Amino acid sequence: MNRWLCDAIATMALALAAGAAGELPVAAPSRPQEGFGPGGVPSTATQRARGRSGEATMPAADATGGCGTVRLGQTAVAAPRNTPIITLLANETPLTLLLDTGAETTILTPAAAQRVGAQSPRVEFQRQMRGVAGSLQTSEVELRSFTVGGVAIPWRRVRIAPIHVASVFSGPLDGVLGADSLSSFDLDLDLPNNRIIFYRKQVCPGAVPAWTEPYVTIAAGRSRSDRLFFPVQLDGHKVDAFVDTGAQSTVLSTGAALGLGVTTALLAHDRAATLRGAAGEQVNGRVHQFARLSIGVEEVHNPEMIVTDLRLSDADLVLGMDFLKPRRIWLSYGSQQIFLMRHA
């Protein structure tokens with residue numbers, strides 16, 4: 001697949017299944033407050049690390065990386081209806097974005113780009129982003145500054161598109177924070193404690209998380225879309241999967257389900273689900289119960305997954321927020337490993 005096509009958008013709203021309804025996320029307040037703002041949206045009050053002169057001094061990702069954990073900063077994550085929302089600063093302006101490890105690129109809505117004063121680059125590429133049932137035309141802009149949790153994001157060129165995201169608050173989201181930004185770091189996704197911690201990227205095979213609790217190490221590959229994909233066992237069969245915080249539920253491709261012996265006749269008896277993509281398109285699926293999902297030594301019994309026609313190039317199983325929210329997971333993009341904290 002052409003590397004500039006972003007099929008990750010297929011999972012941004014992949015599991016808006018079985019009629020997720022409500023209000024849209026509210027944008028961050030113009031005067032950020034400590035902790036969480038209205039509607040449970042994380043504020044940016046603690047995101048600015050002040051130097052002696054009073055100017056913001058932001059730690060940045062280390063491009064060379066190495067071994068050892070170097071903590072850079074953290075930010076709060078609100079996850080209403082399994083939709084992880086964070087607040088960050090673009091050109092010193094607060095924005096509320098979907099935290100989406102499954103999206104290839106970071107996206108702002110046209111209204112958000114205008115509000116922060118984003119500028120068109122000297123050389124701009126018109127690119128398409130592939131959705132679950134169609135494509136979305138995008139343009140590019142550059143930001144003067146882009147920070148999250150007091151940490152500077154090195155890549156400041158983002159896409160502009162009129163995306164559609166789940167309704168969870170009283171106003172629209174400003175966009176999506178995708179893997180092109182997130183892969184500059186080691187990420188500690190501490191969703192049980194409503195936070196994400198940013199560490200300097202580790203690039204050596206001996207990379208480890210900054211945890212004292214026991215954990216499982218999972219070797220992964222890294223796709224052109226900056227997803228970390230890895231093998232899991234589903235009902236005794238190997239299936240490639242990746243972690244997608246932008247998907248509310250776990251989703252399996254129809255082809256993989258058929259390979260596991262789940263026939264179309266069996267699926268016809270399962271309850272229906274409707275998936276809505278970023279471009280507003282809809283795809284029908286079925287919610288099927290499997291016997292066992294094994295990820296390392298972690299086992300989930302009788303997991304329910306949405307089975308639909310996924311068209312992803314690097315995996316057949318999307319591990320969504322229904323799996324991720326109660327677990328702490330570390331994504332090490334540089335060393336191509338995933339660490340999963342063991343349940344007590």
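Before reading on, note that the structure itself is shown above.
Residues numbered from 1 in each chain as written. Predicted model: local features only at pLDDT ≥ 70, side-chain atom pairs only at ≥ 80, totals over all residues. Heavy atoms only, no water.

Undergrad: Help me out: how do you make sense of the overall build of the chain in this one?
TA: A tally of regular secondary structure across the chain gives five helices and 25 strands. Within the chain, buried positions represent 56% of all 344 residues. In the chain, the proportion of contacts linking residues at least 24 apart, taken out of those at least 6 apart, comes to 70%. Of the accessible surface of the chain, which amounts to about 14,100 Å², a share of 49% is contributed by carbon and sulfur atoms. (Helix = DSSP H or I, 4+ residues; strand = E, 2+ residues; numbered from the N terminus. Buried < 20%, exposed > 50% of the residue type's maximum accessible area, 1.4 Å probe, protein only. Contact = heavy atoms within 4.5 Å. Areas by Shrake-Rupley, 256 points an atom, 1.4 Å probe, with all protein chains shown as cover.)

Undergrad: Got a minute to help me understand the nonpolar core in this structure?
TA: Note on soluble globular proteins: their nonpolar side chains tend to be buried together. Ranked by internal contacts, the top residues of the largest apolar core, which has 61 residues, are Leu177, Phe230, Leu252, Ile295 and Leu317. The greatest single-element share of this core, amounting to four residues, is contributed by strand β15 (residues 228-234). With residues near it in sequence (within four places) discarded, leucine 177 still touches Ile86, Leu88, Leu97, Leu98, Leu99, Asp100, Thr106, Phe146, Ile153 and Leu182. Judged by nonpolar contacts, the second largest core, of 11 residues, contains Leu275, Val287, Ile306 and Leu312. (Core = buried A, V, L, I, M, F, W, Y, C linked by side-chain atoms within 4.5 Å.)

Undergrad: Can you walk me through the pairing of strand β21 (residues 298-301) in this structure?
TA: Remember that side chains alternate between the two faces of the sheet whenever the strand is regular. Both strand β20 (residues 292-295) and β21 contribute to a ladder of four bridges, which runs antiparallel. Considered in β21, the bridge of arginine 292 is made with histidine 301. The turn linking β20 back onto β21 is made up of two residues, and glycine 296 within it adopts a positive phi angle of 65°. (Pairing = 2+ DSSP bridges.)

Undergrad: Hey, could you run me through the environment of threonine 87 in this one?
TA: As for its position among the elements, threonine 87 is in strand β2 (residues 85-90). For threonine 87 and valine 77, which are 10 residues apart along the polypeptide, the C-alpha to C-alpha distance reads 8.2 Å.

Undergrad: Before we go on, may I ask you to explain the packing of aromatic side chains in this structure?
TA: Remark: the centre distance and the inter-plane angle together describe each pair of aromatic rings, the angle taken between the planes. In total, this model carries five aromatic pairs according to the counting rule given. Relative to tryptophan 330, the ring of tryptophan 211 lies with its centre 5.9 Å away and its plane at 85°, an arrangement referred to as edge-to-face. Of this pair, tryptophan 211 sits in the loop between β12 (195-200) and β13 (215-219) while tryptophan 330 sits in strand β24 (residues 328-332), and the two are 119 residues apart along the sequence. The exposure class of tryptophan 211 is buried, given its relative accessible area of 8%. You can call tryptophan 330 buried: its relative accessible area is 0%. (Phe/Tyr/Trp six-rings, centres within 6.5 Å; stacked < 30°, edge-to-face > 60°.)

Undergrad: Looking at this structure, how should I read the pattern of salt bridges?
TA: If the charged atoms of two oppositely charged side chains come close together, the side chains can form a pair. Scanning the entire structure with this criterion turns up 12 salt bridges. Two residues, aspartate 174 and arginine 115, come together in a salt bridge whose shortest N-O distance is 2.9 Å. Separated by 59 residues along the polypeptide, aspartate 174 in the loop between β9 (157-160) and β10 (175-177) and arginine 115 in helix α1 (residues 110-116) bring together distant segments of the chain. Since its relative accessible area comes to 42%, arginine 115 is described here as partly exposed. Here glutamate 299 and arginine 292 are joined by a salt bridge, their closest N and O atoms 3.9 Å apart. In this structure arginine 292 comes out as partly exposed when scored by relative accessible area, which is 37%. (Salt bridge = Lys/Arg side-chain N within 4 Å of Asp/Glu carboxyl O.)

Undergrad: Can you help me understand the sheet that holds β13 in this one?
TA: Strands belonging to one sheet form pairs held by backbone hydrogen bonds; the direction of such a pair is parallel or antiparallel. On the basis of which strands lie adjacent, the open sheet formed by six strands has the order β1-β12-β11-β24-β25-β13 and antiparallel pairing. Two strands lie at the open edges of the sheet, namely β1 (71-76) and β13, each paired on one side alone. This sheet shows a mean twist of 15° between the axes of neighbouring strands, independent of strand direction. Pairing analysis gives six bridges linking strand β11 (residues 185-190) to β12, with the strands arranged antiparallel. Bridge pairing in β12 places aspartate 190 opposite arginine 195. (Axes fitted to C-alpha atoms, helices over the stretch in contact; angles between N-to-C directions.)

Undergrad: Explanation requested: the side chain of threonine 106 in the structure shown.
TA: Take threonine 106: it is sitting in the loop between β3 (93-99) and β4 (107-108). Given a relative accessible area of 0%, threonine 106 falls into the buried group. Separated by 3.1 Å, the side chain of threonine 106 and the backbone nitrogen of glycine 178 make a polar contact. Setting aside residues no more than four positions away along its own chain, threonine 106 makes contact with Phe146, Val158, Arg159, Val176, Leu177, Gly178, Asp180 and Ser181. (Polar contact = N/O pair within 3.5 Å; in protein donor to acceptor, adjacent residues only side chain to side chain.)

Undergrad: Help me understand unusual backbone geometry in this model?
TA: For residues other than glycine, phi is negative in most cases, and the peptide bonds are mostly trans. For asparagine 82, which is not glycine, the phi dihedral falls at a positive 60°. Judged by its relative accessible area of 21%, asparagine 82 falls in the partly exposed class. The backbone of aspartate 235 shows a phi angle near 50°, a positive value even though the residue is not glycine. In this fold, aspartate 235 is placed in the loop between β15 and β16 (237-243).

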